[in-house]
Amino acid sequence: MRIIAIGKKHEKWVSSGIELFEKRLKKPFDLKWDILPHSNFAEEKAREEETQRILAKIKPSDFVILLDERGKNISSPELAKMLSNGFVNSQNFVIIIGGAFGVADELLQRANFVWSLSKLVFPHQIVRLILVEQVYRAQEISSGGKYHHE
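Please read these numbers as outputs of a predicted model, since none were measured by experiment. (Residues numbered from 1 in each chain as written. Predicted model: local features only at pLDDT ≥ 70, side-chain atom pairs only at ≥ 80, totals over all residues. Heavy atoms only, no water.)

This part covers the side chain of Ser118. Topologically, Ser118 is positioned in the loop between strand S5 (113-115) and helix H5 (124-143). You can call Ser118 buried: its relative accessible area is 17%. A polar contact of 2.9 Å, which involves the side chain of Ser118, links it to the backbone nitrogen of Leu120. (Helix = DSSP H or I, 4+ residues; strand = E, 2+ residues; numbered from the N terminus. Buried < 20%, exposed > 50% of the residue type's maximum accessible area, 1.4 Å probe, protein only. Polar contact = N/O pair within 3.5 Å; in protein donor to acceptor, adjacent residues only side chain to side chain.)

In structure tokens:
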């Protein structure tokens, strides 16, 4: 799985948490990060420019999950099922965390699944940590581990 995120490198306090969960991840749930810098433009122009850079990193065969506050809320077991089913079908997952101004419609349309972590808006650094924890939780649910409780 690859995560493409717009923004700065992980801040130190976030890095510690991300590393904690990444050490626990096993193939195929392991992650690779591709952090792209913010656009030098603002608003619509930034959204368009960042979207084009993200799209350039996506293959036609990738299963794209876009994090967006307008997306669908799913449970951790539903995420685990989606990822596990994809791995069985040899899908490559790309998870996108857009920039401060969001992404252009072109990327929304390219996404195979648009996922909202919450109706709340979180800082991008925190979203990264939540995302890695949820991938770890999905791994544990899929393998019958004791991390997740129903």
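Let us look at the packing of aromatic side chains. Describing an aromatic ring pair means giving the distance of the ring centres and the angle of the ring planes. Taken as a whole and assessed by the stated rule, the structure comprises five aromatic pairs. Ring geometry for Phe63 against Phe93: centres 5.3 Å apart, planes inclined by 70°, an arrangement best described as edge-to-face. Taken together, the residues Phe63 in strand S3 (residues 63-72) and Phe93 in strand S4 (residues 93-97) connect sequence positions 30 residues apart. Summarising the burial analysis for this pair, Phe63 and Phe93 share the class buried. By the ring-pair criterion, three or more aromatic residues cluster together here, those being Phe29, Phe63, Phe87 and Phe93. The ring of Tyr136 carries the charged tip of Arg24 above its face, separated from the ring centre by 5.3 Å. (Phe/Tyr/Trp six-rings, centres within 6.5 Å; stacked < 30°, edge-to-face > 60°. Lys NZ or Arg CZ within 6 Å of the ring centre and 35° of its normal.)

Contact pair helix H1 (residues 12-24) / H5: the axes reach a minimum separation of 9 Å and the direction vectors enclose 15°. In this view, H1 runs roughly parallel relative to H5, as classed from their interaxial angle. Crossing of H1 over H5 shows left-handed handedness. Residues Trp13, Val14, Gly17, Ile18, Phe21, Glu22 and Arg24 of H1 form the contact with H5, whose participating residues are Gln125, Ile126, Arg128, Leu129, Val132, Glu133, Tyr136 and Gln139. Considered class by class, the residues forming the contact of H1 with H5 number eight nonpolar, three polar and four charged. (Axes fitted to C-alpha atoms, helices over the stretch in contact; angles between N-to-C directions. Parallel < 35°, antiparallel > 145°, perpendicular 65-115°, else oblique. Left-handed = near helix turned anticlockwise from the far one by under 90°. Contact = heavy atoms within 4.5 Å. Nonpolar A, V, L, I, M, F, W, Y, C, P; charged D, E, K, R; others polar.)

Moving on: the environment of Ile126. Along the chain, Ile126 falls in helix H5. Along the sequence, Ile126 and Tyr136 sit 10 residues apart, while their C-alpha atoms lie 16 Å from each other.

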